[in-house]
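The chain contents come next:
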Amino acid sequence: MQLYPYLLEIVPAGQKMMRLDLFVSTRHGYSRSAIGNLCRSNLLLVNGISSKPAQKVRAGDRLELLKQYAEYGKRDQPADIPLDIIFEDEFLIVINKAAGMAVHAGLGDHGNTLVNALIHHWKGESQPFLVHRLDKFTSGLIVVAKQGSKAETLAESFAQRKAGRIYTALIHGHIKTKEGRIESFIGRNPLRPDSIEVSTDQRFGKQAITHYQFLETWGPYSLIQVKLETGRTHQIRVHMQAMGHPLAGDRRYPCNKPGFNDDSEAIAQLIPGQALHATELNFIHPVNAINMHFSADLPRAFANLHNYLKNKG
């Protein structure tokens, strides 16, 4: 799908320097959390270049948004959606997100996201500030801040690798090495901005490091534990695909080896997307500096997959 720049505006003459997220939020009705997600996804451009929420804009700057996203991220509305709350205090909340729930507004997701649910849960008293994200069909643990300053502190912890995330994934095939480390550069395909690709060229994207460990065999599949050293978009999915062991149920990054897709239709009936669950989350509390650790059991969909593969023999 080709994405085309949509001109938001040219910053008018006389405008004092202002943070990008504050300027766009004030003048165009986007939430600041949505602006942050657009910047991280390289979808909000300043003078044709990818932007950061905190960068300053000035008179004459040209602000563009990729056209298909022009209506997304508007002021989020509350939605009464059940949440599996693992922990909550006055500064942050930890959610065990269900597979199929988008974290924020995007293509096809309006009003039924985690952000919408949190706004309803907090009755407008707090605004969700996303620290990290999970793909729509990835289930498991995610932390959201209630204050922008705390979000920045937590985000910095993730960026400096002081926070830890462990996932459980079901992958195609029998993995040869019981544990290993994958390192590459990953970035968006310039012809398909909705997809990520792996490269050995550091000019292509950002460094991505993934550690994996074999857990057990599920028929022709392997259950593995994955630990992120970096947190890039679709990192686990593209790294495992590059190894020749893509995630079961992953429609965007499928396995093209003969015989590996024999169960694809049956798996699609058991799990809504890729078989990936954020099992453990560790971070330092942004206020009291306490080391926080959370875990979440595998969802029922994984048990259904296991039973199907075991009974299939």
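Please refer to the structure placed before this passage.
Attention in this report is confined to the structure presented alongside it. Source: prediction; values computed, not measured.

Cut-off values and rules
Residues numbered from 1 in each chain as written. Predicted model: local features only at pLDDT ≥ 70, side-chain atom pairs only at ≥ 80, totals over all residues. Heavy atoms only, no water. Helix = DSSP H or I, 4+ residues; strand = E, 2+ residues; numbered from the N terminus. Contact = heavy atoms within 4.5 Å. Areas by Shrake-Rupley, 256 points an atom, 1.4 Å probe, with all protein chains shown as cover. Axes fitted to C-alpha atoms, helices over the stretch in contact; angles between N-to-C directions. Parallel < 35°, antiparallel > 145°, perpendicular 65-115°, else oblique. Left-handed = near helix turned anticlockwise from the far one by under 90°. Nonpolar A, V, L, I, M, F, W, Y, C, P; charged D, E, K, R; others polar. Buried < 20%, exposed > 50% of the residue type's maximum accessible area, 1.4 Å probe, protein only. Pairing = 2+ DSSP bridges.

1. Topic: the overall build of the chain
Next, step 1: Along the chain, the regular secondary structure elements total 7 helices and 17 strands.
Next, step 2: Long-range pairs, those at least 24 residues apart, make up 66% of the contacts in the chain with a sequence separation of at least 6.
Next, step 3: A total of about 15,400 Å² of accessible surface is found on the chain, and carbon and sulfur atoms cover 49% of it.

2. Topic: unusual backbone geometry
Next, step 1: The backbone phi angle of Asn47 is positive, close to 55°, even though this residue is not glycine.
Next, step 2: Following the sequence through the fold, Asn47 ends up in the loop between β3 (44–46) and β4 (49–50).
Next, step 3: In this structure, His234 is a non-glycine residue whose phi angle is positive, near 60°.
Next, step 4: With respect to the helices and strands, His234 occurs in the loop between β15 (221–228) and α5 (235–242).

3. As for the packing of helix α1 (residues 20–28) against helix α2 (residues 32–40)
Each pair of packed helices can be summarised by the angle the axes make with each other and by the distance between the axes.
Next, step 1: The contact between α1 and α2 brings their axes to 9 Å, and the two run at 125°. Viewed along their axes, α1 and α2 adopt a mutual orientation that is oblique. As α1 packs across α2, the resulting crossing turns out to be right-handed. When α1 is examined against α2, the residues Leu20, Asp21, Leu22, Val24 and Ser25 are found in contact with a partner set consisting of Arg32, Ile35 and Cys39.
Next, step 2: A per-class count over the contact of α1 with α2 returns 5 nonpolar, 1 polar and 2 charged.

4. Here we look at the pairing of β15
Next, step 1: For β15, a buried count of 6 out of 8 residues is recorded, marking the element as mostly surrounded by other parts of the structure.
Next, step 2: By the bridge criterion, 8 bridges tie strand β11 (residues 164–172) to β15 in an arrangement that is antiparallel. Note on β15: the bridge partner recorded for Arg165 is Leu228.
Next, step 3: Here strand β14 (residues 206–218) pairs with β15 via 8 bridges, running antiparallel.

5. Overview of the pairing of strand β17 (residues 291–295)
Next, step 1: Side chains Met292 and Phe294 of β17 all project onto a buried face; the interleaved residues Asn291, His293 and Ser295 project onto a face where none is buried.
Next, step 2: The sheet contact formed by strand β16 (residues 276–284) and β17 spans 5 bridges and is antiparallel. Paired with Leu281 across the bridge in β17 is Phe294.

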